[in-house]
Amino acid sequence: MPARSVVSNGIPNSKVKYSRLANDDDGYIDLQFKRSPPKVPYKAIALATVLFLIGSLLIVIGAFLLAGYFGVTHSDRTIPILIIGILVFLPGFYHLRIAYYASKGYQGYSYDDIPDFDD
């Protein structure tokens, strides 16, 4: 089979111009490998703090109501307060923990793991 003399764009091999690369140039620049400073999602951390505080307060109030420290006329209303407190506390605690570990530079934690509400 005869050798092909045409490059993929239809330009004959004789018209393609090549140039040698410098010996010290490997085709990469240093800026490709530098990490940009992490963008801290302040709004998400503030929301996580509010969820953590409200959840903690509801858990404490629910525990006091369940223990009988407050005069409760309807005892069936104490469990929902405790459940809502736990449901509000957990995401706040989770995101605050990620933010703390990311700020301390622990391996595997970054601010990218926290959802950002600026989009």
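Residues numbered from 1 in each chain as written. Predicted model: local features only at pLDDT ≥ 70, side-chain atom pairs only at ≥ 80, totals over all residues. Heavy atoms only, no water.

Draft legend 1. Looking closely at the overall build of the chain. Secondary structure summary: the chain contains 2 helices and 0 strands in total. In the chain, buried positions account for 15% of the 119 residues. Partitioning the intrachain contacts of the chain with sequence separation of at least 6 by distance along the chain shows that 51% fall at a separation of at least 24. Carbon and sulfur atoms provide 60% of the accessible area of the chain, an area that totals close to 10,200 Å². (Helix = DSSP H or I, 4+ residues; strand = E, 2+ residues; numbered from the N terminus. Buried < 20%, exposed > 50% of the residue type's maximum accessible area, 1.4 Å probe, protein only. Contact = heavy atoms within 4.5 Å. Areas by Shrake-Rupley, 256 points an atom, 1.4 Å probe, with all protein chains shown as cover.)

Draft legend 2. Geometry of the nonpolar core. By size, the foremost hydrophobic cluster in this structure holds 7 residues: A44, I45, I98, A99, A102, Y111 and I114. Listed by contribution, the elements that provide at least two residues to this core are α1 (42–67) and α2 (78–104). For this core, the element with the most residues is α2, which contributes 3 residues. The contacts of A102, once residues within four sequence positions are left out, are Y109, S110 and Y111. (Core = buried A, V, L, I, M, F, W, Y, C linked by side-chain atoms within 4.5 Å.)

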